[in-house]
Amino acid sequence: MTATWIAVLATAAGCYVLKLAGLTVPQRILAGPRVRRFAELVPVALLAALSAVQAATNGQAFDVDPARLAGLGAAVVALALRAPFLAVIVTAAATAAALRAAGVS
Amino acid sequence: MPGCERAAPVGGPRADRQPRPVRDGIGLGLAVGVSGVAFGAAAVSSGLTVWQSCALSVLAFTGASQFALAGVIASGGSLLAGTAGAILLGSRNTLYGLRLAEVLRPRGLRRVPVALGVIDETTAITLAQPDPAAATKAFTTTFWCLYLTWNLATLGGALGAGRIGSPQAFGLDVVGPAAFLALIWPRLKSGRTERLVALAGVALALATTTVLPVGVPVILAATAALAGALAAPAAEGSPEVADCTSPEDPAK
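What counts, and at which threshold
Residues numbered from 1 in each chain as written. Chains lettered and ligands numbered in written order. Predicted model: local features only at pLDDT ≥ 70, side-chain atom pairs only at ≥ 80, totals over all residues. Helix = DSSP H or I, 4+ residues; strand = E, 2+ residues; numbered from the N terminus. Buried ≥ 20, exposed ≤ 12 C-beta atoms within 10 Å, placed from the backbone. Contact = placed C-beta atoms within 7 Å. Nonpolar A, V, L, I, M, F, W, Y, C, P; charged D, E, K, R; others polar. pLDDT = per-residue confidence, 0-100.

Asks: Honestly, the overall build of chain B in this entry has me stumped. Any pointers?
Replies: Assigned secondary structure in chain B consists of 13 helices and zero strands. In chain B, the succession of α and β elements from N to C terminus is α-α-α-α-α-α-α-α-α-α-α-α-α. Looking at the 252 residues of chain B, the share that counts as buried comes to 58%. Across chain B, every contact between residues at least 6 apart in sequence was considered, and the portion connecting residues at least 24 apart equals 74%.

Below you can see the structure in the form of structure tokens.
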């Protein structure tokens, strides 16, 4: 087995164990009000951060891509207009795609 | 939701849009899964074989970690550093699992397949549902649709399908950010703490992007959730998740 295969399988095993660990923590540990509130707020904080990082950065650098940011802006407008979920992501992707087709990079 | 009009959704009180777990799950699964083409193409061009690329998508199944390993290999970095970085990136799935376990309540060996599906997209869509049954349906649908699409797309990308056109040309790079925002939107509208935590998470992640290794800034955003939880803990004895009888639940 090559070193690369070991890296691939170790990555897969490590990622899987981390996923399983969260599911396996006894629920009574989550019973305290602060811990429960933390578990509830974590997805909000992480998904908001992930959205911003994916939209505005590339690797360790900021990456201002006008078409992508306009797509995210269109999603915000669609959300404010109470569009259903799929309409929001289609609006976002279509806006970015249309701007790129029009030459905005 | 029939007979449960006053229920607080798992993800927050009174989403103003009716969540459709199956339809939304399939839509998100297809849209995000197609990006597997980009991973397959990137992985092969970084020096992984087609089978190694596919093994990562089948077994690791967490995009950011997969891209991280391929990126380090492409830049000639050490395999150990690449593996460590990829696993570190996967640690946010542990935090998601804490919350998903409360909603999905997988028992015993059921955890084994469920764990593979604990990622950003499934978490976001599951927690946006109004009750545990819809949450389970949303998780299962999103997981399977995304898993199949991501793996087929990885194979396609590794075999050269990336040459047909880049996902960016179709605007697919904005699908993730838009979907995450859409899925936490009801929670942002539901409470001031949620909005402050989200803003602080964004600020922390962006402020540290240039100085911390890729992926760490997003995990650092969890400290915003910690601060929010310490400042405004859940009310004692507040109802369990998505209790049909609960009125506006301050804990959500």
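Now that the structure has been shown, we can carry on.
Asks: Looking at this model, I keep getting lost on the interface of chain B and chain A. Mind explaining?
Replies: Many structure descriptions define interface size as the accessible area lost when the parts assemble. Between chain B and chain A, the contact holds 90 residues from the first and 67 residues from the second. Tallied by class, residues from the side of chain B that touches chain A come to 57 nonpolar, 19 polar and 14 charged.

Asks: Would you mind going over the confidence of the model for chain B with me for this structure?
Replies: Note that predicted coordinates carrying low pLDDT should not be read in detail. Residues and elements named next belong to chain B. Averaged over all residues, the pLDDT of chain B equals 82, while 83% of them reach at least 70. In this model, residues 1–9 is a region of pLDDT below 50 whose contacts with residues beyond four sequence positions or in other chains number 22 contacts. With pLDDT under 50 throughout, residues 236–252 is counted as low confidence; its partners more than four residues away or in other chains account for 37 contacts. What the predictor reports for the complex is a pTM of 0.77 with an ipTM of 0.89.

Asks: Would you mind going over unusual backbone geometry with me for this structure?
Replies: A positive phi is found at A:R82, a non-glycine position, where the angle reads about 60 degrees. Inspection of the secondary structure puts A:R82 in the loop between helix 3 (66–80) and helix 4 (85–101). A positive phi angle, close to 45 degrees, is found at B:R105, a residue other than glycine. On the secondary structure map, B:R105 appears in the loop between helix 6 (92–104) and helix 7 (111–116). According to the C-beta neighbour criterion, B:R105 is partly exposed, with 15 such atoms within 10 Å.

Asks: Help me understand helix 3 (residues 50–60) of chain B in this model?
Replies: Along an α-helix, a turn takes 3.6 residues, which lines up residues three or four apart on a common side. Every buried residue of helix 3 of chain B is accounted for by B:Q52, B:S53, B:C54, B:L56, B:S57 and B:A60. The inward-facing, buried residues of helix 3 of chain B contact helix 1 (3–24) of chain A together with helix 2 (36–46), helix 4 (63–74) and helix 9 (132–158) of chain B. Immediately beyond the C-terminal end of helix 3 of chain B, within one or two residues, lies B:F61, with a positive phi of roughly 45 degrees.

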